[in-house]
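Coordinates in review
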Amino acid sequence: RWRVRTYEVDENAHVNNAVYVQWAEHLTAEHAEAIGFGREWSVERGGAWLVRRHEVTYHRPALRGEEVELTVRVLEVKGVRGRRHTWIRRATDNTLLAEVASEWVWVRLADGRPGAVPREIVDAFRAAGAGESG
C-alpha cells in the first residue's frame, strides 16, 4: 500500500499511465526479495529477469492522495519465462483501478541471452500453485 504522490499525476489529474507499470515492477522486485529470489540471489546464479512485455488494463483512474493497494501473483514459470499478474486497487473501497499482465525472461548475465529459469524458482512456484504448464 502507498499514497499516490503528486508527481505521479498527469495533466488529466489522475495517475499517469506509465506509473502503473512502475508500480508493478516495484512490487515484483519487492516480492522477489521477500521470497528469497531477489537481485543478489539471481546474480549469484549468473542471471537476471528482464521484462519482455507488460499489458495494462485500465479500469478507473487513481487520483492524487488516494491510497492504493497492489497484489501480485506468479501465474507461470517455465522454460526461460515467467508470467505475473498485478492488481491495483483503491484501498478505501477495494475498487479495481488497473491490472498489469507481465511476461519476464530469465537471461544469462554472461551473454545477455535467454537461459533456463533456475530449478529452485520453478520448483518454488510449482509448490505455490503457479508451476509449469505445457
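This write-up is about the structure you can find in this document.

Cut-offs used in this document
- Residues numbered from 1 in each chain as written.
- Predicted model: local features only at pLDDT ≥ 70, side-chain atom pairs only at ≥ 80, totals over all residues.
- Heavy atoms only, no water.
- Helix = DSSP H or I, 4+ residues; strand = E, 2+ residues; numbered from the N terminus.
- Buried < 20%, exposed > 50% of the residue type's maximum accessible area, 1.4 Å probe, protein only.
- Contact = heavy atoms within 4.5 Å.
- Pairing = 2+ DSSP bridges.
- Axes fitted to C-alpha atoms, helices over the stretch in contact; angles between N-to-C directions.
- Core = buried A, V, L, I, M, F, W, Y, C linked by side-chain atoms within 4.5 Å.

Turning to the environment of V117, a few remarks are in order. Examined against the element boundaries, V117 turns out to sit in the loop between strand 5 (96-108) and helix 3 (119-127). When its relative accessible area of 7% is taken as the criterion, V117 is described as buried. Between the C-alpha atom of V117 and that of V107, which follows or precedes it by 10 residues, the distance is 8.4 Å. Apart from residues lying up to four places away in sequence, V117 is in contact with W49, V77, G79, V80, R81, W106 and V122.

A positive phi is found at A13, a non-glycine position, where the angle reads about 70°. As for its position among the elements, A13 is in the loop between strand 1 (2-3) and helix 1 (17-34). Unusually for a residue other than glycine, N94 sits at a positive phi of about 65°. Looking at N94, the relative accessible area reads 46%, which means it is partly exposed.

This next bit is on the sheet that holds strand 3 (residues 67-78). Taken in spatial order, the 5 strands line up as 1-3-4-5-2 in an open sheet, and their pairing is antiparallel. The open sheet has two edge strands, strand 1 and strand 2 (47-58), and neither has a second partner. Both strand 1 and strand 3 contribute to a ladder of 2 bridges, which runs antiparallel. Note that in strand 3 the partner of R3 across the bridge is E67. The sheet contacts of helix 1 involve strand 1, strand 2, strand 3, strand 4 (81-90) and strand 5, and relative to strand 3 the element is tilted by about 65°. Lying over the sheet, helix 3 contacts strand 2, strand 3 and strand 5, oriented at roughly 110° with respect to strand 3.

Attention now moves to the side chain of S42. In this fold, S42 is placed in helix 2 (residues 39-44). Setting aside residues up to four positions removed in sequence, S42 forms contacts with F37, G47, A48 and W106.

On to the nonpolar core. With 16 residues, the main nonpolar core has V15, Y20, W23, A62, V68, L70 and I88 as its most contacted residues. Going through the elements one at a time, helix 1, strand 3 and strand 5 are the ones with two or more residues in this core. Element by element, the count of residues in this core is highest for helix 1, at 5 residues. When residues no more than four places from it in sequence are discounted, the contact partners of L70 are W2, W23, A24, L27, T86, W87 and I88.

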